[in-house]
Amino acid sequence: MKKRALAVLVGGVLALTVAAAAVAATVTVTPAHMDGWAAVNDTCGAPSTGSIAFVNGPGSPPAGVGSVQFKTGSNGDSYPSLRTANYNGTKLSSLTALDYWTYVSVAPGSQAAYIDLYVDNNGDGVRDDILTFEPVYNGTVTANTWQHWNALTGLWWSDSMGGPPPLFTLSSYESSHPNAAILGGSDTNFILAAGCGGAAWTDFVGNADKLTVNGTTYNFEPTIGPPTSKEQCKKGGWQTFNNPSFKNQGQCVAFVNHQQKPKKKPKPHDNDNNQGQDNDNDND
Ligand SMILES: [Ca+2]
Ligand SMILES: [Ca+2]
C-alpha cells in the first residue's frame, strides 16, 4: 500500500506541474531498478523450464530499446512472471487505464503474455478469484510484431467461474462484484506472465513492454550503464543510459569524471590501492 500511495502522489504532483495531466508518468524498470516488480519463475505443474530476462528489442519496442522476455521451455506449464504488489488493494472500479504491448517470437498456440489479477471480492483479505486477460481471446496474435492490448476494456475470464469461457469485461465483473479489488497484503497480486497452459505454451518465447496502470507507465528495459568514458556521453549517448540515467551530457561527463577521479586525500586508515598511481591524465 505504501508503494501505491507513493505512485498516486507522484501522479498528483505531475498533474499540477504538467499541463497534459492525462499523460502517465513513465517508470523505467530494469534488473538494477525493479521499482517494486519481482521476476518469479514459477510453475503450474512439473518443475519450471522457463525464464525471465530483460533484453534489447525485439524489433522496435513501444518504449525505449528493450522489453521483458518470457520463455517457457519444454514444459508449457512453466509460469515465468513479473509481479508487483504496487496495486494491492486497488478496487477494480478505480482502474482508469490498464494496457500493454506484446511481441511473440515463437508461439505454439497463438499465445502472448497475459495479465493475472488476484482478486478479493469482499474485503476480507482472502483471495476469491483470479481474473485473467489473455490476448488470444482479444484478437489475432501475430508473430514478430508489437501489438497493443487494452485490458481495461477487453475480455477477461475468471478462475472461480471455471473459465474460459465465459469471457467478460471488467466493468461487467464490477457490476456483479461491486467490492472487487486487487488482493491486499504484501504478496505480489498483479502479475504479467506467460505459460501455465500445457502444450499450447510449449517452447513459447514472447515479450511485453509499456504496461500502463492508471497514472504510471512501466517501461521494461535491460540495464544500460554505467558509462565508462566521456565519449560514451557525447553525441546524445547520455540519453541511452538508465543505470544511472542523466538529465544532460554534462551530468553524464561529470559522473564519469567522478568515477575515474583518484582519491586525492586518502584517509589515514584507507588502504587505497591506487595511491601513488597517476591515472588522472593531468600530466603530473
Ligand atoms: Ca521498453
Ligand atoms: Ca475474500
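## Re the overall build of the chain
A count of helical and extended segments in the chain gives 3 helices and 14 strands. For the chain, the proportion of its 284 residues judged to be buried stands at 34%. Within the chain, counting contacts between residues at least 6 apart in sequence, those at least 24 apart form 68% of the total.

## Points about the environment of Gly-215
With respect to the helices and strands, Gly-215 occurs in the loop between strand S13 (205-213) and strand S14 (216-220). Under the C-beta neighbour-count criterion, Gly-215 is labelled partly exposed, with 19 such atoms within 10 Å. Each C-alpha atom, one on Gly-215 and one on Thr-26, is 8.7 Å from the other, the two residues being 189 residues apart in sequence.

## Some points on the environment of Pro-31
Along the chain, the position of Pro-31 falls in the loop between strand S1 (25-29) and strand S2 (37-43). Beyond its immediate stretch of four places on either side in the chain, Pro-31 contacts Phe-54 and Thr-223.

## Considerations on the pairing of S13
Put simply, side chains in a regular strand alternate between the two faces of the sheet. A large share of S13 lies buried, amounting to 8 of its 9 residues. As defined by bridge partners, strand S4 (residues 66-71) adjoins S13 across 4 bridges and the pair is classed as antiparallel. Bridge pairing links Phe-70 to Gly-206 in S13. Sheet analysis places strand S6 (residues 98-106) next to S13, joined by 7 bridges and oriented antiparallel. Pairing of Tyr-103 across the sheet is with Asn-207, part of S13. In this structure, S13 lies alongside S14, joined through 3 bridges in antiparallel fashion. Paired with Thr-212 across the bridge in S14 is Thr-217.

## Describing the nonpolar core
Proteins that are soluble and globular tend to have nonpolar side chains buried together. The biggest cluster of nonpolar side chains holds 45 residues, and the ones touching the most others in it are Ala-113, Leu-117, Val-119, Ile-182, Leu-192, Ala-193 and Ala-208. Not counting residues within four places of it along the chain, the set of residues in contact with Val-119 comprises Arg-127, Asp-128, Asp-129, Ile-130, Leu-131, Ala-180, Ala-181, Ile-182 and Leu-183.

## Regarding unusual backbone geometry
A cis amide bond links Gly-225 with the next residue in sequence, Pro-226, at an omega value of 5 degrees. Take Pro-226: it is sitting in the loop between S14 and helix H3 (249-260). Backbone geometry at Ser-110 places phi at a positive 60 degrees, although glycine is not the residue there. As for its placement among the helices and strands, Ser-110 is situated in the loop between S6 and strand S7 (114-120). A residue is classified by how many C-beta atoms lie within 10 Å of it, and Ser-110, with 16 of them, is partly exposed. Unlike most non-glycine residues, Cys-196 shows phi in positive territory, near 60 degrees. With respect to the secondary-structure elements, Cys-196 resides in the loop between strand S12 (190-193) and S13. According to the C-beta neighbour criterion, Cys-196 is buried, with 21 such atoms within 10 Å.

## Regarding the confidence of the model for the chain
In the predicted model, the chain carries a mean pLDDT of 89, and the fraction of residues at 70 or more is 85%. Within the model, pLDDT remains below 50 along residues 1-21, and this stretch shows 20 contacts once partners closer than five positions in the same chain are excluded. In the predicted structure, residues 272-284 sits below a pLDDT of 50 and forms 8 contacts with residues beyond four places in sequence or in another chain.

## Overview of the environment of Leu-211
Assignment of secondary structure puts Leu-211 in strand S13. C-alpha of Leu-211 to C-alpha of Leu-98: the two residues are 113 residues apart in sequence and 7.4 Å apart in space.

What counts and what doesn't
Residues numbered from 1 in each chain as written. Chains lettered and ligands numbered in written order. Predicted model: local features only at pLDDT ≥ 70, side-chain atom pairs only at ≥ 80, totals over all residues. Helix = DSSP H or I, 4+ residues; strand = E, 2+ residues; numbered from the N terminus. Buried ≥ 20, exposed ≤ 12 C-beta atoms within 10 Å, placed from the backbone. Contact = placed C-beta atoms within 7 Å. Pairing = 2+ DSSP bridges. Core = buried A, V, L, I, M, F, W, Y, C linked by C-beta atoms within 7 Å. pLDDT = per-residue confidence, 0-100.

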